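Here is what each chain is made of, one letter per residue.
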Amino acid sequence: MRTGMILVLAAGLSALGACKAPPPPLKDVSYPAWGFAVSFHGTPKATDSPAAADGSTAHTFVVESAVEGRDELVNVIDGSASTKSEDQALSDAPAVLAKAVGATLGPITYAASGKVMGREFLLTRPGHPAGRARVFVVNKHLYEIVGESAQGPDDPAVAAFLDSFRLL
């Protein structure tokens, strides 16, 4: 009985340790056709979705990685068909993103990628850890960068991922 209890305790501690494990090293990837580069902790998967012929959906490009309880995503939306100014698109982006993913929008602050100003904010969804997001609008492209971690939005790995994003 005592041996069984020790094994259960060891397994539980091992699982807890896995949640706190340091993330794998960042791997830099570049997408010149979409105008950005970023570093992921895992192997990213890219999905390119063309615009609908009827104009109901824009051309999008999503790159995402999930590893060790951390989800990292870059979503680029081609807004060349939009009538909104880039300033209006940037102002609207946090609320639109929060609504699209069923999240509550947290405080919004400024963020920068090189000389380009954007916004940073928290997204809180039921049943998910809070995520940290940044948005930028450049050349009629909306860039949404989102990091989510089982350790919370202040996980240094989330900050490292967000900070690695750069416009080309």
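Here is what the cut-offs are and how they apply
Residues numbered from 1 in each chain as written. Predicted model: local features only at pLDDT ≥ 70, side-chain atom pairs only at ≥ 80, totals over all residues. Heavy atoms only, no water. Helix = DSSP H or I, 4+ residues; strand = E, 2+ residues; numbered from the N terminus. Expected span 1.5 Å × (residues − 1). Bend = angle between axes of the 7 residues up to and from the residue. Contact = heavy atoms within 4.5 Å. Salt bridge = Lys/Arg side-chain N within 4 Å of Asp/Glu carboxyl O. Buried < 20%, exposed > 50% of the residue type's maximum accessible area, 1.4 Å probe, protein only. Core = buried A, V, L, I, M, F, W, Y, C linked by side-chain atoms within 4.5 Å. Pairing = 2+ DSSP bridges. Axes fitted to C-alpha atoms, helices over the stretch in contact; angles between N-to-C directions.

Engineer: Go over helix α2 (residues 86-100) with me, naming the residues and quoting the values.
Structural biologist: Between its first and last C-alpha, α2 extends 20 Å over 15 residues, near the 21 Å set by a 1.5 Å rise per residue. A93 marks where α2 bends most, by close to 45°; the proline P94 follows one to four residues later. Packed against the buried residues of α2 are β6 (104-113), β7 (116-124), β8 (131-138) and β9 (141-149).

Engineer: How would you explain the pattern of salt bridges if you had to name every residue and give the values?
Structural biologist: Taken as a whole and assessed by the stated rule, the structure comprises 8 salt bridges. We note a salt bridge from R125 to E148, for which the minimum N-O separation is 3.0 Å. Taken together, the residues span a long stretch of sequence, with R125 in the loop between β7 and β8 and E148 in strand β9 at a distance of 23 residues. The exposure class of R125 is partly exposed, given its relative accessible area of 23%. With relative accessibility at 9%, the residue E148 sits in the buried group. The network of salt bridges with shared partners includes E120, R132, R134, D154 and D163.

Engineer: Give me the nonpolar core: which residues, what numbers.
Structural biologist: Ranked by internal contacts, the top residues of the largest apolar core, which has 19 residues, are F36, V38, V74, Y143, I145 and F165. Put simply, the parts of the chain that give this core at least two residues each are β1 (27-31), β2 (36-40), β4 (60-67), β5 (70-78), β8, β9 and α3 (156-164). Not counting residues up to four positions away in its chain, the partners in contact with F165 are F36, A37, V38, V74, S113, F136, Y143 and I145. Formed by 12 residues, the second largest nonpolar core is a distinct cluster that contains A93, L123, V135 and V137.

Engineer: Outline the environment of A159, supporting the account with residue identities and numerical values.
Structural biologist: Residue position: A159 is located in helix α3. The partly exposed category is assigned to A159, whose relative accessible area is 34%. In the structure, A159 is positioned 12 residues away from G147 in sequence and 8.0 Å away in space, judged by C-alpha atoms.

Engineer: Describe in detail the sheet that holds β4, supporting the description with residues and values.
Structural biologist: Read across the open sheet, the 7 strands follow the order β3-β4-β5-β9-β8-β7-β6; overall the sheet is antiparallel. Lying at the two open borders of the sheet, with one neighbouring strand each, are β3 (45-49) and β6. Averaged over all adjacent pairs, the angle separating strand axes in this sheet is 15°, with direction ignored. Here α2 sits on the sheet in contact with β6, β7, β8 and β9, set at roughly 155° to β8. Seen against the sheet, α3 touches β5, β8 and β9 and runs at an angle of roughly 165° to β9.

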